[in-house]
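Below are the chains, spelled out letter by letter.
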Amino acid sequence: MSDYLSEEEQLARLREWWQRHGLSLLLGVVLVVAAIVGWRWYQGHVEQRNQNASELFAEFLEASGEARDALAERVLNEGAGTAYPVFVLLRQAEAAVAGNDGAAAEGSLRRALDIAAAAELKDTVRLRLARMLFDSERADEALSVLGEVRGSGFLALAAELKGDIHLSRGERSLAHQSYVTAKSYASLEEQRPLLEMKIADTAEPNAAPSDS
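Quick caveat: nothing in here was measured; it's all calculated off a predicted structure.

A. Broad picture of the pattern of salt bridges. If you walk through the whole model with that rule in mind, you get 16 salt bridges. Of the charged contacts in the structure, one is a salt bridge between Glu-141 and Arg-110, with a shortest N-O distance of 4.0 Å. A residue pair is termed long-range when its members are at least 10 positions apart, and Glu-141 in helix H6 (residues 139-146) and Arg-110 in helix H4 (residues 102-115) qualify at 31 residues. Assessed through its relative accessible area of 31%, Arg-110 is described here as partly exposed. Between Arg-126 and Asp-123 there is a salt bridge, with the nearest N and O atoms lying 2.9 Å from each other. Of this pair, Arg-126 and Asp-123 both sit in helix H5 (residues 119-135), three residues apart, which is roughly one turn of the helix. What you see here is one network of salt bridges that share partners, running through Arg-131, Asp-135, Glu-160, Asp-164, Arg-192 and Lys-198.

B. Representation of unusual backbone geometry. One non-glycine residue, Asn-100, lies in the positive phi region at around 60°. Within the secondary structure, Asn-100 sits in the loop between helix H3 (84-98) and H4. Residue Asn-100 is classed as exposed on the basis of its relative accessible area of 72%. The residue Glu-137 is not glycine, and still its phi comes out positive at about 60°. Assignment of secondary structure puts Glu-137 in the loop between H5 and H6. Judged by its relative accessible area of 74%, Glu-137 falls in the exposed class.

About the criteria used
- Residues numbered from 1 in each chain as written.
- Predicted model: local features only at pLDDT ≥ 70, side-chain atom pairs only at ≥ 80, totals over all residues.
- Heavy atoms only, no water.
- Salt bridge = Lys/Arg side-chain N within 4 Å of Asp/Glu carboxyl O.
- Helix = DSSP H or I, 4+ residues; strand = E, 2+ residues; numbered from the N terminus.
- Buried < 20%, exposed > 50% of the residue type's maximum accessible area, 1.4 Å probe, protein only.

Below is the structure:
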């Protein structure tokens, strides 16, 4: 009898515990399942969006004229959140530069900079924008843009372009410093004979060769 009462007491305690905590436990399980399902749906959605944007971008590259413009808009709209809108804007900027339309090129590059998510992509756009600004005789703006470059794979290019800008303004000492900095950022395996020439050309007379 005592064993039976013990089981009955345990069941009563179990029912009491369930009345107190069962709903929250069930809700927690539902939330976990919903999170898993939602994450899998999101991953599938992202993969499908990337695939669609990739296909549209391939069509954009093959098209011309009004068809190309229409596909560009589709990539910009339907590919939002992927890298492909940035790729389209970079292509449009190149076309604008070739057509001597600096304003359109700058607009495309600044829009690309705004929407680029990956740090590497942002630095790529910054270098393109800085070069365009430099070519448009807007050196101060170009230097400002280059100052935002952060990626290790882009610092050497940014520093060398800074050197070119300083040299164009007759600031040989600053140009030399920038070229030496560019060399310090470059990998040991990378051969940069043109950069070495720039360093030598801007060095002070009788200055010791740079080892950096």
